[in-house]
2 protein chains.
Amino acid sequence: MENSERRLKNCGLKITRQRREIIKILEQSTRPVSAENIFLALRQQGGTVSLSTVYRVLEILVNKKAVRRLNTVDESGALFELDDTHRHYLVCLGCHKMFPLDDCPLETYEKKLTCQTGFDVTGHSLEIYGYCRDCCKKKKN
Amino acid sequence: MENSERRLKNCGLKITRQRREIIKILEQSTRPVSAENIFLALRQQGGTVSLSTVYRVLEILVNKKAVRRLNTVDESGALFELDDTHRHYLVCLGCHKMFPLDDCPLETYEKKLTCQTGFDVTGHSLEIYGYCRDCCKKKKN
DNA sequence: ATTCAAATGCGAATAATTTGCATTAGCATA
DNA sequence: TATGCTAATGCAAATTATTCGCATTTGAAT
């Protein structure tokens, strides 16, 4: 069984060609991708998946916590990535590239918070933005 | 001169009734509000401002750094608040209330990051979510 | 008071996402 | 392996949030 199929099984979802293909795109991406990107990537490689199916599959996977949805300051729409590991990005406002951070700066903070406030923290979204080294250079020139 | 007018002056913007009213709503709100909320609030109190003007004024104020735009995990659209102080929220996924945090957990982290990566950090978006005390109780019952 | 660019209102346009419904296809079972 | 039922898909239309074009109005500088 392929990896994509295993993921679907783990979520208790039916295995379909479309779902496999969408998951494969996510597995191949080194950066978060939009629903549209997935749709276009699949179309390019000859597959046929409708955009609404892409959205529907992503929604299901997000609910199952197999995929994470990001709202970036930068982009108009949402981006998606596999939720294998907790991760944050440095987002460059110049070139729009996203650079993953090595660690999450909030782990200890959240524990403290839960104790202090009684708020049951289930997660967070964090995005740090600015200008990458290349774009800093360009700005100076 | 009223506060709202002073804010506009500080931004170098022309003072208009609509802008004053929009800023007043922001000043009165204890929580971030949507463009639609502002529009409705003004309509209720008899004012007349078009929704497109609300969006336009907010956009200008965001560019002038007088207003901050938030994309919450929770809401479909964007929320806005005055950018007087840097602030983050605990967002309750049950009742959708937003509870401001006392401090920003990222200040020292960002400095470290700038040194280590050469990425010029200009800002960040952070939102911590989960369930407030009341909603935790409700879930248990 | 006059002038003129900038701001506003309105409705139409756009972009991202969702939904309804008819058709198709997994997969459990006979 | 064939059959049947439900869930998944495709398509087009609907929604939602936001932006834009253009005619009209209005602040504020003179």
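K.L.:
Would you explain the pattern of salt bridges in this entry?
P.N.:
Side chains that carry opposite charge are capable of pairing whenever their charged atoms lie near each other. Residue and element names in this part refer to chain B. The full count for this structure, using the stated rule, is 14 salt bridges over all chains. In this structure, glutamate 27 and arginine 7 form a salt bridge, with 2.8 Å as the shortest nitrogen-oxygen distance. Of the two residues, glutamate 27 sits in helix α2 (residues 17–28) while arginine 7 sits in helix α1 (residues 3–11), which places them 20 residues apart along the sequence. We note a salt bridge from arginine 68 to aspartate 83, for which the minimum N-O separation is 2.7 Å. Linking arginine 68 in strand β1 (residues 67–71) with aspartate 83 in the loop between β2 (78–82) and β3 (89–92), this pair joins segments that are 15 residues apart in sequence. Arginine 68 gets classed as buried once you look at its relative accessible area, which sits at 14%.

K.L.:
Please clarify how the interface of chain A and chain B should be interpreted in this entry.
P.N.:
Quoted interface sizes are often the accessible area lost when the parts come together. Counting residues at the interface gives 32 residues for chain A, matched by 32 residues for chain B. Summed over both sides, the interface between chain A and chain B buries roughly 2,600 Å², with carbon and sulfur atoms accounting for 63% of that surface. When the buried surface of chain A facing chain B is broken down by residue, Tyr109, Phe119 and Tyr129 of chain A rank first, second and third, together holding 23% of it. The tally of links from chain A across to chain B stands at zero salt bridges. Linking chain A with chain B are twelve residue pairs in polar contact (both at pLDDT 80 or more).

K.L.:
Is there a simple way to explain the sheet that holds strand β4 (residues 98–100) of chain A in this structure?
P.N.:
Whether parallel or antiparallel, the strands of a sheet pair through hydrogen bonds between backbone atoms. Ordered in space as β4(A)-β3(A)-β5(A)-β5(B)-β3(B)-β4(B), the six strands form an open sheet in which the pairing is mixed. Of all strands in the sheet, those bounded by a partner on one side alone are β4 of chain A together with β4 (98–100) of chain B. The sheet shows a mean angle of 25 degrees between the axes of neighbouring strands, direction not considered. Examined bridge by bridge, β3 of chain B and strand β5 (residues 120–131) of chain B share four bridges and lie parallel to one another. Bridging from a neighbouring strand, cysteine 92 of chain B pairs with glycine 130 of chain B of β5 of chain B. Lying on the sheet, helix α5 (residues 107–117) of chain A is in contact with β5 (120–131) of chain A together with β3 and β5 of chain B; it crosses β5 of chain A at an angle near 135 degrees. Running at roughly 135 degrees to β5 of chain B, helix α5 (residues 107–117) of chain B makes contact with β3 (89–92) and β5 of chain A together with β5 of chain B of the sheet.

K.L.:
Could you clarify how one ought to interpret the protein's contact with DNA strand D in this entry?
P.N.:
Neighbouring residues of DNA strand D: 20 residues in total, closest Thr16, Gln18, Thr53 and Arg56 of chain A together with Tyr55 of chain B. Counting only atoms of DNA strand D within 4 Å of the protein, the sugar-phosphate share comes to 74%. Take serine 52 of chain A: an N or O atom from its side chain is 3.2 Å from a base nitrogen of DNA strand D. In the model, a phosphate oxygen of DNA strand D is placed 3.0 Å from a nitrogen or oxygen of the serine 76 of chain B side chain. Taken together, the elements giving at least two residues each to the surface near DNA strand D come down to α2 (17–28) and α4 (51–63) of chain A together with α4 (51–63) of chain B. Class assignment of the residues belonging to the surface near DNA strand D gives a composition of six nonpolar, nine polar and five charged.

K.L.:
Would you take a moment to explain the domain arrangement of chain A for this structure?
P.N.:
Residue and element names in this part refer to chain A. Domain assignment breaks chain A into domain 1 (1–84) and domain 2 (85–141). Computed from C-alpha atoms alone, the centre-to-centre distance between domain 1 and domain 2 is 23 Å. Each partner contributes residues to the interface: domain 1 has 13 residues there, and domain 2 has twelve residues. Counting each side, the surface lost to burial between domain 1 and domain 2 is near 970 Å², with a carbon and sulfur contribution of 49%.

K.L.:
Is there a simple way to think about the pairing of β1 of chain B in this case?
P.N.:
One face of the sheet, then the other: side chains in a regular strand alternate in exactly this way. All names here are of chain B. Pairing between β1 and β2: five bridges, direction antiparallel. Directly across from valine 67, in β2, lies its bridge partner leucine 82. Count of turn residues in the β1/β2 antiparallel hairpin: six residues.

Definitions and cut-offs
Residues numbered from 1 in each chain as written. Chains lettered and ligands numbered in written order. Predicted model: local features only at pLDDT ≥ 70, side-chain atom pairs only at ≥ 80, totals over all residues. Heavy atoms only, no water. Salt bridge = Lys/Arg side-chain N within 4 Å of Asp/Glu carboxyl O. Helix = DSSP H or I, 4+ residues; strand = E, 2+ residues; numbered from the N terminus. Buried < 20%, exposed > 50% of the residue type's maximum accessible area, 1.4 Å probe, protein only. Contact = heavy atoms within 4.5 Å. Buried area = accessible area lost by both parts, 1.4 Å probe. Polar contact = N/O pair within 3.5 Å; in protein donor to acceptor, adjacent residues only side chain to side chain. Pairing = 2+ DSSP bridges. Axes fitted to C-alpha atoms, helices over the stretch in contact; angles between N-to-C directions. Near = heavy atom within 4 Å. Nonpolar A, V, L, I, M, F, W, Y, C, P; charged D, E, K, R; others polar. Domains from an automatic or database assignment.

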